[in-house]
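# Breakdown of the fold
Chain residues, written in single-letter form:
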Amino acid sequence: MAEAGLMARGIFIIGAGSMAEAFIRGVTARGAMAPERVAVVNRRRPERIAELSARYGVREAASWAEMSAAGLVVVAVKPGDVGDALAQAAPFLTGQPVLSFAAGVPISYMQEKIGRRSPVVRTMPNIPVAVQAGVTAVAFDEQIRPQDREDVLFLLRQLGEVVELPETRMDAVTALCGSGPGFLCYILEAMEDAAADMGFTRDEARRLLVQTLAGTAEVLRAWGISPAELRARVTSPNGTTHAGVTAMEQAGLKHVVAAALTAAARRAEELGRTYRG
Ligand SMILES: NC(=O)C1=CN([C@@H]2O[C@H](COP(=O)(O)OP(=O)(O)OC[C@H]3O[C@@H](n4cnc5c(N)ncnc54)[C@H](OP(=O)(O)O)[C@@H]3O)[C@@H](O)[C@H]2O)C=CC1
Ligand SMILES: O=C(O)[C@@H]1CCC=N1
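Residues numbered from 1 in each chain as written. Chains lettered and ligands numbered in written order. Predicted model: local features only at pLDDT ≥ 70, side-chain atom pairs only at ≥ 80, totals over all residues. Heavy atoms only, no water.

- The chain is annotated in an unreviewed UniProt entry as Pyrroline-5-carboxylate reductase of Alicyclobacillus cellulosilyticus.
- According to the UniProt record, the Sequence similarities (unreviewed entry) comment for the chain is "Belongs to the pyrroline-5-carboxylate reductase family."
- The UniProt entry for the chain carries the following comment under Subcellular location (unreviewed entry): "Cytoplasm". (UniProt positions renumbered as here; feature names shortened; annotations may be inferred.)

Quick look at the structure:
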């Protein structure tokens, strides 16, 4: 008889924080994974597991040994805790994929910690995965079996878009998509401040700006056009958008944004080096 696949064997999650919760919510929301097939362990806060059980129906793992039977092990701990968590997990791994959300932690480091007992899947999600509208970049190591790869992609798609990339692109995608919501929010903060100066209340400004952002993203997607084309469509000759964009150009906004992305990618690379020994 063929060995049961990843989906039938269920998921073992190490860590019960925000990313674990976003993943659980995503994979259980539309029935991709039955919640009773998801087992969770946490380090110090048992109340977090109780919360996740109450909200989603997942269960506390009876012990770390339960991991052996799982089809997928998810490491949802802070980057600095990945080494300890994987060293603790290693004896219980039986060749099922180990998926990590940790920013900057390379596959080679994780493989070393688990004594190469399982294929590793390195991901970089962004915060909108919490509402199933995220982007997750994913890099597989070569050992992954084709069916496991398909199952992992299916599960990650429950959190939003999935983009498969070589691991060498992870620092750049961390800057673009991992930090991206932070950069867009910084621009919105500036627009909110300007709106306050124009006499709007914070609440009014936020309602207006959030819908402007969401609507712009929606129209870009629906019409399949580039940001430059959409900008051209809203820019009347010598009109208001033209005046505003000219002020942005004069202030060097494109250079500022390029510098921000370069700084973020460089920092991702520096953080990654911590794990290269
Ligand atoms: N949040 C985000 O926007 C994003 C997060 N990520 C990545 O996701 C990962 C998780 O982040 P996040 O969920 O925000 O972190 P949290 O701090 O919310 O959660 C981490 C959890 O891991 C638990 N933990 C730590 N070490 C162990 C261990 N050895 N065994 C069992 N449990 C352990 C902690 O337990 P306790 O608190 O009880 O000690 C805590 O519940 C990070 O690596 C981060 O880089 C990636 C992209 C975006
Ligand atoms: O700021 C950070 O370092 C992490 C990685 C991507 C989003 N947050």
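### What about the pattern of salt bridges?
- The final tally for this structure, using the stated rule, is 17 salt bridges.
- Linking glutamate 21 and arginine 55 is a salt bridge whose minimum nitrogen-to-oxygen distance equals 2.9 Å. Of this pair, glutamate 21 sits in helix 2 (residues 18–29) while arginine 55 sits in helix 3 (residues 46–56), and the two are 34 residues apart along the sequence.
- On the basis of relative accessible area, glutamate 21 is assigned to the buried category, the value being 9%. (Salt bridge = Lys/Arg side-chain N within 4 Å of Asp/Glu carboxyl O. Helix = DSSP H or I, 4+ residues; strand = E, 2+ residues; numbered from the N terminus. Buried < 20%, exposed > 50% of the residue type's maximum accessible area, 1.4 Å probe, protein only.)

### Quick look at the site of ligand 1
- As a matter of local geometry, ligand 1 sits amid 23 residues, with Met19, Asn42, Arg43, Arg44 and Val77 nearest to it.
- Alanine 16 places a main-chain nitrogen or oxygen 3.4 Å from an oxygen atom of ligand 1.
- Contacts to ligand 1 include arginine 44, whose backbone N or O atom sits 2.8 Å from an oxygen atom.
- Surface burial for ligand 1 is 84%, taken as the share of its 920 Å² of free accessible area covered by protein chains.
- Taking a 2 Å distance to the grid points as the criterion, the majority of the atoms of ligand 1 fall inside the second largest pocket.
- Of all elements in the fold, only helix 2 and strand 6 (120–125) reach the threshold of two or more residues within the shell around ligand 1.
- Residue composition of the shell around ligand 1, by class: 14 nonpolar, four polar and five charged. (Near = heavy atom within 4 Å. Polar contact = N/O pair within 3.5 Å; in protein donor to acceptor, adjacent residues only side chain to side chain. Areas by Shrake-Rupley, 256 points an atom, 1.4 Å probe, with all protein chains shown as cover. 1 Å grid on protein atoms, 1.4 Å probe; cavity = no way out; pocket = protein on both sides within 12 Å on 5 of 7 lines; lining within 4 Å. Sits in = over half its atoms within 2 Å of the grid points. Nonpolar A, V, L, I, M, F, W, Y, C, P; charged D, E, K, R; others polar.)

### Digging into unusual backbone geometry
- Even without a glycine there, the phi angle at glutamine 132 is positive, about 55°.
- Counting through the fold element by element, glutamine 132 comes out in the loop between strand 6 and strand 7 (134–140).
- One non-glycine residue, asparagine 238, adopts positive backbone phi at about 55°.
- The exposure class of asparagine 238 is exposed, given its relative accessible area of 71%.

### Description of the UniProt feature "domain: Pyrroline-5-carboxylate reductase catalytic N-terminal" (unreviewed entry) in the chain
- Under the feature "domain: Pyrroline-5-carboxylate reductase catalytic N-terminal" (unreviewed entry), the UniProt entry names residues 11–104.
- Measuring from the first to the last C-alpha atom of residues 11–104 gives 23 Å, for a span that is 33% helix and 18% strand.

### Observations concerning the layout of surface pockets
- Each pocket or cavity is described by its volume, and for the second largest pocket that value is around 840 Å³.
- Around the second largest pocket, the lining comprises 31 residues; the ones closest to its centre are Gly17, Ser18, Ala76, Val77 and Lys78.
- Elements with a minimum of two residues in the lining of the second largest pocket: helix 2, helix 4 (82–89) and strand 6.
- Across the lining of the second largest pocket, the residue classes tally to 18 nonpolar, seven polar and six charged. (Points joined across faces, edges and corners; volume = space filled by probe spheres on them.)

### Description of the side chain of arginine 48
- Topologically, arginine 48 is positioned in helix 3.
- Polar side-chain contacts of arginine 48 include one of 2.9 Å to the side chain of glutamate 21.
- Those residues within four positions of arginine 48 in sequence are excluded, and the remaining contacts are Ala16, Gly17, Glu21, Asn42 and Arg55. (Contact = heavy atoms within 4.5 Å.)

### Description of helix 12 (residues 253–273)
- Taking 1.5 Å per residue as the helical rise, helix 12 with its 21 residues ought to reach 30 Å, and the 30 Å between its terminal C-alpha atoms agrees with that figure.
- All of the buried residues in helix 12 are Ala264, Ala268 and Gly272. Projection of helix 12 onto a plane perpendicular to its axis shows the buried side chains occupying an angular sector of 75°, all on one side. Pointing more than 90 degrees away from the buried face of helix 12 are the exposed residues His255 and Val256.
- Of the surrounding elements, those touching the buried residues of helix 12 are helix 7 (170–178) and helix 8 (180–197). (Expected span 1.5 Å × (residues − 1). Arc of directions from axis to C-beta.)

### Focus: the UniProt feature "domain: Pyrroline-5-carboxylate reductase dimerisation" (unreviewed entry) in the chain
- Sequence positions flagged by UniProt for "domain: Pyrroline-5-carboxylate reductase dimerisation" (unreviewed entry) are, in local numbering, residues 167–271.
- For residues 167–271, the helix share is 83%, the strand share is 0%, and the end-to-end C-alpha distance is 15 Å.

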